[in-house]
Amino acid sequence: MTIVETYRTLEEAARAMGGDAVYMGGGTLVMRAVNEGAGPPRLIRVGDPGLRQVRSSGDRITLGAGVTMAEVLAHRDLAFLHPVARLIGGPQVRNMATVAGNLFAAHPYGDFAAALLALDARVIGAGQTGARPVAEILRDRGRAGLIAGIEVTRPRDRRAFGFAKVSRVKPKGVSVMSIAAHLPRESGRIRDARVVFGAMGATPLRASGAERALEGRTLDAAVIADAAAAATEGLDPPTDALASAWYRREVAGVHLTRLLNEMEQRR
Amino acid sequence: MTRKPVTFTLNGQSRSAFAEDGQNLLDFLRRGVGDMTPKFGCGQGTCGACTVTIDGQTQLACLVLAEAVDGHEVGTAAGLADGGTLDPLQQSFMDHFAAQCGYCSPGMLVSARALLDRNPRPTRDEVIEAISGNLCRCTGYEPIITAILAVAEGRIRA
């Protein structure tokens, strides 16, 4: 039995959290449990339309926690995130699923969170002014608190950010894995490489081996091969109904190669 | 159990009913309001059989809290036909054998209608994308895609 509590503001909702309460964003994750009779005793929701705003200031864009994937796709300033949002769920889910909710999606979901981690996005908590790295939220999602918004910086140019989702069913399938790569360049060399795998662990994870192989280099065939060889270093991918750990490990480098090749060929 | 009054618009008509705590919109529409066109398939947001529109956007009724539609406009397949006149999409589904068991049809039709309302001349790829959240286990999708394209291309009179 689930009791639903609706609050006007996120701050009021934050005060009502605690104990057995679960916050509901777009509902695409929480309602599945409710429908199975396994919902939380208390479901907390907020009616504030301010949570669905997108604000841009220069290259910095702040997404309200409740911005949906469809709203990301409708926003011109968020073009760099369109290839990501387009691959989340089907059309109906994109009209419901929220950017902050995706941070809490259990494996194999959470492809948008993988992109946010690669972009080094920052998360603004309820009633807070400062922002925390999204990596901190992903490390301990149970203690993340309520999220008001997500700050993300637009990649410098269209070659700097790439995203790929690998699924067996198209156009709408669940991830065997997703890959987000943020490779800003300074004087032609990659600086602060961030490569993230989704669905290769309980949360999106950085591929530190691939990042090391790319750092300070220019994207060419030899460097891409080095990155691919180190793709799964330190990762322990899961076995599930979609793919075995062995399969994920085998193909991760192949898919990373394809993504990096595609990014290298962009003009 | 708490019951909450929900006043909303269903296919253009104002309706009021009580929603139970935690009740999803699909159950509310079927048991509370009596609109049986949205179907229960998976209850997990995977199959699309319960697709409805909320303020013109397709959503999955099984994943929406019933109380959340208070003050909003809900559209279902029951609103497609105008009296005895079928929506051109419904006629086209019949003409092109786009329904076999029929269980996915209401959701398919709602997704297709939403597509044509915002994009009256979609490409084949746009049709495929638009119905990608609706599973059909009978037809293999081809007759459904053909039926939607027939309306878009004006071969079925709108």
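Residues numbered from 1 in each chain as written. Chains lettered and ligands numbered in written order. Predicted model: local features only at pLDDT ≥ 70, side-chain atom pairs only at ≥ 80, totals over all residues.

1. Considerations on the domain arrangement of chain B
All names here are of chain B.
- Each assigned domain of chain B is listed with its residue range as follows: domain 1 (3–79) and domain 2 (88–152).
- Computed over C-alpha atoms only, the centres of domain 1 and domain 2 are separated by 21 Å.
- Between domain 1 and domain 2, the contact holds 14 residues from the first and 11 residues from the second.
- Ranked by the residues each element gives to the side of domain 1 that touches domain 2, the list is headed by strand 3 (residues 51–54), at 3 residues. (Domains from an automatic or database assignment. Contact = placed C-beta atoms within 7 Å. Helix = DSSP H or I, 4+ residues; strand = E, 2+ residues; numbered from the N terminus.)

2. Some details on unusual backbone geometry
- Put simply, A:His107 and A:Pro108 share a cis peptide bond, and its omega is 5 degrees.
- Backbone geometry places B:Asn11, a non-glycine residue, at a positive phi of 50 degrees.
- The residue B:Asn11 is located in the loop between strand 1 (3–10) and strand 2 (13–20) in this model.
- Residue classification places B:Asn11 among the partly exposed residues on the basis of 17 C-beta atoms within 10 Å.
- Notably, B:Phe97 is not glycine yet its phi reads approximately 55 degrees, a positive angle. (Buried ≥ 20, exposed ≤ 12 C-beta atoms within 10 Å, placed from the backbone.)

3. Some remarks on the pairing of strand 4 (residues 54–57) of chain A
All names here are of chain A.
- Looking at chain direction, strand 4 and strand 5 (residues 60–64) are connected through 4 bridges and run antiparallel. Looking across to strand 5, one finds that arginine 55 is bridged to threonine 62.
- In this antiparallel pair of consecutive strands, strand 4 and strand 5, the connection spans 2 residues, and glycine 58 shows a positive phi of 65 degrees. (Pairing = 2+ DSSP bridges.)

4. A few points about the interface of chain B and chain A
- If you look at the interface, chain B gives 24 residues, while chain A gives 20 residues.
- Those elements that place two or more of their residues in the side of chain B that touches chain A are strand 4 (57–60) and helix 4 (124–130) of chain B.
- Broken down by element, the side of chain B that touches chain A gets its largest block of residues, 4 residues, from strand 4 of chain B.
- Here the side of chain B that touches chain A is composed, by residue class, of 7 nonpolar, 14 polar and 3 charged. (Nonpolar A, V, L, I, M, F, W, Y, C, P; charged D, E, K, R; others polar.)

5. Here's the deal with the environment of B:Val64
- With respect to the helices, strands and loops of the structure, B:Val64 is situated in the loop between strand 4 and strand 5 (73–75).
- Put simply, B:Val64 and B:Ile145 are 81 residues apart on the chain and 27 Å apart in space, counted from C-alpha to C-alpha.

6. Overview of the nonpolar core
All names here are of chain A.
- In this structure, Ala115, Leu116 and Ala227 are the most contacted members of the largest nonpolar core, which totals 135 residues.
- Considering each element in turn, this core owes the most residues, 7 residues, to helix 7 (residues 111–118).
- Ignoring anything within four residues of it in the chain, the contact list for alanine 227 reads Ala210, Ala213, Leu214, Leu256 and Leu260. (Core = buried A, V, L, I, M, F, W, Y, C linked by C-beta atoms within 7 Å.)

7. As for the pairing of strand 1 of chain B
Residues and elements named next belong to chain B.
- Of the pairings in the sheet, the one linking strand 1 to strand 2 comprises 8 bridges and is antiparallel in character. From the neighbouring strand, proline 5 faces strand 2, where its bridge partner is phenylalanine 18.
- Following strand 1, the chain reverses through 2 residues before pairing antiparallel with strand 2; asparagine 11 in that reversal takes a positive phi of roughly 50 degrees.
- Bridging between strand 1 and strand 5 involves 2 bridges; their strand directions are parallel. Paired with leucine 10 across the strands is valine 74, a residue of strand 5.

8. Some details on the sheet that holds strand 4 of chain A
Residues and elements named next belong to chain A.
- Taken together, 5 strands build an open sheet; the order of strands is 4-5-8-6-7 and the sheet is antiparallel. Of all the strands in the sheet, just strand 4 and strand 7 (131–133) have a single pairing partner and so form its edges. The mean inter-strand angle of the sheet, taken between neighbouring strand axes irrespective of direction, is 25 degrees. (Axes fitted to C-alpha atoms, helices over the stretch in contact; angles between N-to-C directions.)

9. Focus on helix 3 (residues 105–118) of chain B
- Between its first and last C-alpha atoms helix 3 of chain B spans 20 Å; for 14 residues at 1.5 Å apiece the expected length is 20 Å, and the two agree.
- Taking burial as the measure, the 14 residues of helix 3 of chain B include 11 buried ones, the bulk of the element. (Expected span 1.5 Å × (residues − 1).)

10. Focus: the sheet that holds strand 5 of chain B
Residue and element names in this part refer to chain B.
- Taken together, 5 strands build an open sheet; the order of strands is 2-1-5-3-4 and the sheet is mixed. Two strands bound the open sheet, and with one partner strand each, they are strand 2 and strand 4. Mean inter-strand twist for the sheet, computed between neighbouring axes without regard to direction, equals 40 degrees.
- Helix 1 (residues 25–33) contacts strand 1, strand 2 and strand 3 of the sheet and is inclined by roughly 105 degrees relative to strand 2.
- With respect to the sheet, helix 3 is in contact with strand 3, strand 4 and strand 5, its orientation differing from that of strand 3 by roughly 40 degrees.

11. Looking at the packing of helix 2 (residues 88–95) of chain B against helix 5 (residues 142–152) of chain B
All names here are of chain B.
- Relative orientation of the contacting elements helix 2 and helix 5 amounts to 135 degrees, with a least axis distance of 8 Å. Relative to helix 5, helix 2 is oriented oblique. Classified by chirality, the crossing of helix 5 by helix 2 is right-handed. For the pair helix 2 and helix 5, the contacting residues are Pro88, Leu89, Ser92 and Phe93 in the first and Ala147, Ile148, Ala150 and Val151 in the second. (Parallel < 35°, antiparallel > 145°, perpendicular 65-115°, else oblique. Left-handed = near helix turned anticlockwise from the far one by under 90°.)

12. Side note on the packing of helix 2 of chain B against helix 3 of chain B
All names here are of chain B.
- Between helix 2 and helix 3, the shortest axis-to-axis distance is 10 Å and the interhelical angle comes to 130 degrees. Taken as axis vectors, helix 2 and helix 3 run oblique relative to one another. The handedness of the crossing between helix 2 and helix 3 is right-handed. Residues Leu89, Gln90 and Phe93 of helix 2 pack against Ser105, Leu109, Ala112 and Arg113 of helix 3.

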